[in-house]
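Tertiary structure, described
Okay, here's what each chain looks like letter by letter:
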Amino acid sequence: MSSIFEERKKNSLVNGVNKAKANPADKNKIIKKAVEDYIQYNRIEICIDDTWKQEYVRQRTRYTSNASFLTLDEDEDIPLKTNLIDDKQEYLQDGADKRSVHAYNIVEDNKHNIFFVEKTTRAGGTTSFVKNSIENGEKFLLIAPTNKIAKGTVQDAKKFCSKDALIQHVHPNSACKYVQEMKLDDEKYEELPFILLPEECSECDSVLTCEMNEILVTESNKYLPDEPTCDGYTITYTKAIMMASQFGNLVYDGDGDDHINLDEEDDEKSEDNKKDFRKTKIIRKSIYKIINDVQTVIIDEFHSFFNGKISSVNLSEFDIEDYNLIMKSDNNKELFPEIIGMLENFGKTQNEINELLKVIESNQEKYVREKVEKGKIESKKDYYTETFENPRPINRKSDTPGLILREIENIIWNKIGLDMDKVLQLYKIVDIVSSEIIFINFNKKNNITISALKIYQIEAFENFIRELVRRRKTVLITTATPIYYDYEKLLHPEREDLDGMNLVTFGEGGDPKKTNENMYIFPDRKKFEPDDNPCKNKYVLNKIKFLIDTFGISKCMIVAGNKIKTGQLEKELKKMGCEFDEEKGDKVYYYRSSELMGVSSSKRIFISVDIAYSPLDSYDLFVHFYKAIANQSDFIKQLYFEHVYADTWQAWSRAKDPEGKEASIVMTFGVRADNCKNVSIHGVNKQVIVTEPSKSGKGKRIDVIPEPDNITKPNVIEEENHQKSVLKILHYKENYIANKDSLFNNYVNTFGDTTFAEKISNFKNQFAIEKESPLSLNKAEILNEFFISEGYDYTINGSSIDGINVTSDDIHNHLNGKTSISAHSLSKSNKMMWVRLEVDENQMSSLHGLFLLMDIPSFVEKVNDTYKIWILLTETDASVIDKFAKEAIKKAGFNVEGDGKVVRSSAIMKRNKNKKQKGVEVLLPFSSDSKIWINGTFTDEFDDMVVCPVSINEIDMPYPELEAYDDEAF
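This is a predicted model, so every value here is computed, not measured. (Residues numbered from 1 in each chain as written. Predicted model: local features only at pLDDT ≥ 70, side-chain atom pairs only at ≥ 80, totals over all residues. Heavy atoms only, no water.)

Attention now moves to the overall build of the protein. Helix and strand counts for the protein come out as 27 helices and 35 strands. Here the contacts in the protein between residues at least 6 apart in sequence split such that 79% fall between residues at least 24 apart. Accessible surface, the protein: about 43300 Å² in total, of which carbon and sulfur atoms supply 44%. (Helix = DSSP H or I, 4+ residues; strand = E, 2+ residues; numbered from the N terminus. Contact = heavy atoms within 4.5 Å. Areas by Shrake-Rupley, 256 points an atom, 1.4 Å probe, with all protein chains shown as cover.)

The subject of this paragraph is a negative patch on the surface. A contiguous patch of negative charge, built from E781, E785, D943 and D944, is present on the exposed surface. Topologically, D943 is positioned in the loop between β33 (937–939) and β34 (945–947). (Patch = residues over 30% accessible without salt bridge, like charges linked within 9 Å, V, L, I, M, F, W, Y side chains within 5 Å. Salt bridge = Lys/Arg side-chain N within 4 Å of Asp/Glu carboxyl O. Lys, Arg positive; Asp, Glu negative; His and termini not counted. Charge placed at Lys NZ, Arg CZ, Asp CG, Glu CD.)

Here the focus is the packing of aromatic side chains. One pass over the full model with this rule turns up 36 aromatic pairs. Arranged with centres 6.2 Å apart and planes meeting at 70°, the rings of Y732 and W933 form a pair that is edge-to-face. Of the two residues, Y732 sits in helix α21 (residues 722–732) while W933 sits in strand β32 (residues 930–934), which places them 201 residues apart along the sequence. The exposure class assigned to W933 is buried, which follows from its relative accessible area of 9%. An aromatic cluster is built from F116, Y237, F302, F305, F306, F461, F464, Y485 and Y487, whose rings are joined through pairwise contacts. K764 extends its terminal NZ or CZ atom over the ring of F744, reaching a point 5.0 Å from the ring centre. (Phe/Tyr/Trp six-rings, centres within 6.5 Å; stacked < 30°, edge-to-face > 60°. Buried < 20%, exposed > 50% of the residue type's maximum accessible area, 1.4 Å probe, protein only. Lys NZ or Arg CZ within 6 Å of the ring centre and 35° of its normal.)

Moving on, we come to the side chain of E861. Structurally, E861 can be placed in strand β28 (residues 859–863). Lacking a salt bridge, the buried E861 has K868 as its closest oppositely charged neighbour, with an N-O distance of 4.7 Å. Not counting residues within four places of it along the chain, the set of residues in contact with E861 comprises T866, Y867, K868, W870, P925, F926, S927, S930, K931, I932 and F938.

Right, let's get into the nonpolar core. In summary, soluble globular proteins display a tendency toward joint burial of nonpolar side chains. Counting 78 residues, the largest nonpolar core has I114, I143, F461, F464, I465 and W652 as the members making the most contacts within it. Take this core: its biggest share by element is eleven residues, from helix α19 (residues 632–652). Counting residues in hydrophobic clusters, the runner-up holds 76 residues, among them L547, L573, L743 and F938. (Core = buried A, V, L, I, M, F, W, Y, C linked by side-chain atoms within 4.5 Å.)

This next bit is on the packing of α21 against helix α26 (residues 841–853). Between α21 and α26, the least distance of the axes is 7 Å, while the angle of their chain directions is 85°. By the angle between their directions, the pair α21 and α26 is classed as roughly perpendicular. Taking contact as the criterion, the partners of L727, K728, L730, H731 and Y732 in α21 are, on α26, E841, N842, M844, S845, S846, H848, G849, L850, L852 and L853. For the contact of α21 with α26, the class distribution of residues is seven nonpolar, six polar and two charged. (Axes fitted to C-alpha atoms, helices over the stretch in contact; angles between N-to-C directions. Parallel < 35°, antiparallel > 145°, perpendicular 65-115°, else oblique. Nonpolar A, V, L, I, M, F, W, Y, C, P; charged D, E, K, R; others polar.)

Mean pLDDT for the protein: 79, with 77% of residues reaching 70 or above. For residues 217–228, every residue scores under 50 in pLDDT, and the model assigns this stretch 40 contacts once sequence neighbours within four places are set aside. Contacts of residues 957–970 to residues separated by more than four positions or lying in other chains number 35 contacts, the stretch itself having pLDDT below 50. (pLDDT = per-residue confidence, 0-100.)

Moving on: the pattern of salt bridges. Considering all chains together, one arrives at 40 salt bridges under this definition. The shortest N-O distance in the salt bridge between K587 and E595 comes to 2.8 Å. Notably, a salt bridge pairs K828 with D793, separated by 3.4 Å at the nearest N-O pair. Placement of the pair is K828 in the loop between β26 (821–824) and β27 (831–839) and D793 in strand β24 (residues 793–796), with a sequence separation of 35 residues. Overall, the relative accessible area of 62% leaves K828 in the exposed class.

Its location among the elements puts N710 in the loop between β20 (701–705) and β21 (715–716). Taking the relative accessible area as the measure of exposure, N710 reaches 24% and is therefore partly exposed. Taking C-alpha positions, N710 is 8.0 Å from G683, a pair spaced 27 residues apart along the chain. For N710, the residues in contact, after removing those within four places along its chain, are E118, T505, G509 and G510.

Where helix α17 (residues 538–551) contacts α21, the axes come no closer than 12 Å and their chain directions differ by 15°. Taken as axis vectors, α17 and α21 run roughly parallel relative to one another. In this structure, α17 meets α21 at a crossing whose hand is right-handed. Contact with α17, carried on its side by Y539, K543, F546, T550 and F551, involves H722, V726, I729 and L730 of α21 and no other residues of that element. (Left-handed = near helix turned anticlockwise from the far one by under 90°.)

The sheet built from seven strands is open, its strands ordered β3-β6-β2-β7-β12-β1-β13 with parallel pairing. The open sheet terminates on both sides in strands that have one partner only, identified here as β3 (167–169) and β13 (502–505). Pairwise comparison of adjacent strand axes, ignoring direction, gives a mean angle of 20° for this sheet. Of the strand pairs in this sheet, strand β2 (residues 140–144) and strand β7 (residues 296–300) are connected by four bridges, and their pairing is parallel. Paired with I143 across the strands is I299, a residue of β7. (Pairing = 2+ DSSP bridges.)

All right, on to the sheet that holds strand β15 (residues 556–560) then. The strand order across the open sheet formed by six strands is β16-β15-β17-β18-β14-β21, and the pairing between neighbours is parallel. Edge positions in the sheet fall to β16 (588–590) and β21, since each has one partner strand and no second. Inspection of the sheet shows strand β14 (residues 519–522) paired to β21 by two bridges, in the parallel sense. Directly across from I521, in β21, lies its bridge partner V716. Lying over the sheet, α21 contacts β14 and β18 (664–669), oriented at roughly 165° with respect to β18.

What follows is about the side chain of D657. Relative to the helices and strands, D657 is located in the loop between α19 and β18. The side chain of D657 sits in the buried core without any salt bridge; R604 is the nearest counter-charge, 4.0 Å away. Engagement of the side chain of D657 in a polar contact is seen with the backbone nitrogen of K661, the distance being 3.0 Å. Filtering out sequence-adjacent residues up to four positions away, D657 remains in contact with T515, R604 and E662. (Polar contact = N/O pair within 3.5 Å; in protein donor to acceptor, adjacent residues only side chain to side chain.)

Once that is clear, we can look at the pairing of β2. Most of β2 is tucked away, with five of its five residues classed as buried. Residues of β2 alternate between two faces, with F140, L142 and A144 on one and L141 and I143 on the opposite face, all of them buried. When β2 meets strand β6 (residues 232–236), the two strands line up parallel, connected through five bridges. Pairing of L141 across the sheet is with Y233, part of β6.

Let us now look at the state of the cysteines. As enumerated under the stated definition, the model contains zero disulfides in all. Counting only cysteine sulfurs, C556 is the nearest neighbor of C578, a cysteine outside any disulfide, at a range of 9.6 Å. (Disulfide = S-S within 2.5 Å.)

Moving on: helix α12 (residues 337–362). Here α12 contains 26 residues, and its C-alpha end-to-end distance of 38 Å stays within 8% of the 38 Å for a straight helix at 1.5 Å per residue. All of the buried residues along α12 are I339, I340, M342, L343, F346, G347, T349, Q350, I353, L357 and I360. (Expected span 1.5 Å × (residues − 1).)

A few words now on the environment of N533. When you line up the elements, N533 lands in the loop between β14 and α17. Between the C-alpha atom of N533 and that of K565, which follows or precedes it by 32 residues, the distance is 8.2 Å.

Given below as structure tokens:
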């Protein structure tokens, strides 16, 4: 770059600062223009030759986001933005987030190794490892399933870093200008597995501004020498596979010598390779830079790597003549020899498959009977699956697959006239002919589909990871939902220092913030049958509508099984008056969508319609990949449920608070307790045991056994029905309740045909409850106003005194833990100012939810492991409160006395045991160990608290007592 442009660059910034000083009102506008000028000058006269050695500085992103480094307090010198800390580990000192400490320790203990990190969902593991790399100045590569997860993880990590970081995302090929134009020409271009780049980028007029070239930057910037150009890279699995599979022979053969050639001096070894290399130059140079630049590699959500790794071709839609007419023409036949050869072999395989099916069809009854006897199928079905050994697979260790892909690339860019549907079919055929095992699905209507695992892509990615291990990178693999995989395959034989794959846990229970402790899953008593459509079922729709009306759609995430069911459910809910705003994320989601894995969400109520089931034969193709497994049939069943539970748990976990402070709820429909528990059990060495039913009509039994049981699990709360579950949900999400005035009526309208709801309604009608004006008071004021009064007896340090003698010092000493004040519930005139129910956690959530439903103000206190519900009263006759407390306890489903689920009430008098009739003596609230339930968490860190006393009077109107309730009919 010439010196004149260097001066112009510097002057553009200096002049901008000076102008901004003279015109403070227009400071931001002037500085923005100065930055834009700097960027423009920085692009001029940048030459890109065949070796890509010239500077390409991506100032657009850096300076647009970090323009604040231009201060107005300096004169002519432009200050540098340097937030580098002297001590790398300063961020780990006193008060540091424990997740950061765990990440640092794990990486330091496993330097230059490959290891697996076990954790639960939303534990902050990946974010902490990214942060650790940034803080310690170690360049990293984050490999994630989607662009959204990759970018979101990095943004979350940067929020908590003590210094600024520049992270370079390796953009998808769709960012290319010409690729975008191709997509406009044909919408099916979006469906290509690899969206290819044009042949020669240096001829493009957008080469200097194209995001595809941003990764090819120099080591530092001349005007910010202390600031590194890049602190790390992010990339998706798809991009990584595409980059790896572009280089021909990348399949590891186990001899230790055949590793990825990424040495720059070998880029163009022969004249024959030059033309092919030119097409993949950007990709090759990008991966060369990354693999040599980074010290740490973080492979996130590894379980998702296998998603979408199956290709299928419907043979009724395949006709080789569609290709021959174009590709064997005089103009084209010499351009596509590899594709023509592949299609000819595929045609032969197709004929052999047809011959096999003729044999099967000629004796179908015998075929089906043998399948049933061998346990291959359960009964006679409309379609069957047969394994077929590919007689002529492509050698994946040769250059052939790469050459075929490049010929397909030429078809696309040269637009030779082949329909895009046929191009898409070519990609699928490449996957099928690359596999030794082909699966045939056929039905009575002679509809034949053949499928195969994308083994070529899987092996290319595995070889890429092995190369990183060989180069002594620190490689960590993580996912909260691991599925079976032989991780030892990722070791490289040259690394004789590695004994195997290390397994480490991310903090205690893989859950440093104890996020699962505050997650509550409510199973259903119902189970949907195969012919049921839950998305049109009134049982489901009414209850979802109630939850939406109660908490608001913005607080709820609703998920159905697949795209079709999602559309049906959303349509039905809209008919019922629910409004969805997709721009705000208010919609019905489906399992396995990108929004339900690895990304954060502010919605804390998750509504699940069934779990993430897929067709039962979805993972049959993996028998080839796991061919060393002895019992293939049982293993595939286990693998199927591993994936189902992993996808479900990933989705449900979007509701979790990553800080573990706020309660999260999962309300399920059609998911029983055993399945809810299975969904939440994970770990690398877990076992999934599938037991077939001993009697017809019974379902499979699935047991998930963690070995060892070292990952935390959420709370699965089994209630008798949804109407009782709702009471607990109201407690946990009290701060989410949108409209308390209509809550009770909505509840009765939704559950009014049930015995339990009828009981609740009758209970409300038995008492006239009026709320006084709410008051915002501190702890001392609450005690003075509602607990200390003349005519009541108190005990302080063992001495009994009347309320008139309790001083403000006594109250403050009680609050500070220097002493304690106990009070008798009854006054001398048999009145009460408050009622307290002493309960366990299960009883507490139900009773408090009941009071919320009935709009009876109360607050919950936790003292050590004891829970207490307090209701503040205008002074009321004790006999009324006695009856009210007993009825509330019974209506919530608990016993007042006896050996059952007992609730101890300060309002329940035993006059024969208390001759002085002072009532029960209890410790007043806000003692030293006291915490109050506020906004979904127990805390003692609050100044004021809103309280509202109530008056309770019995209505002299008898009502029929109802016996034990039953679940409503499904």
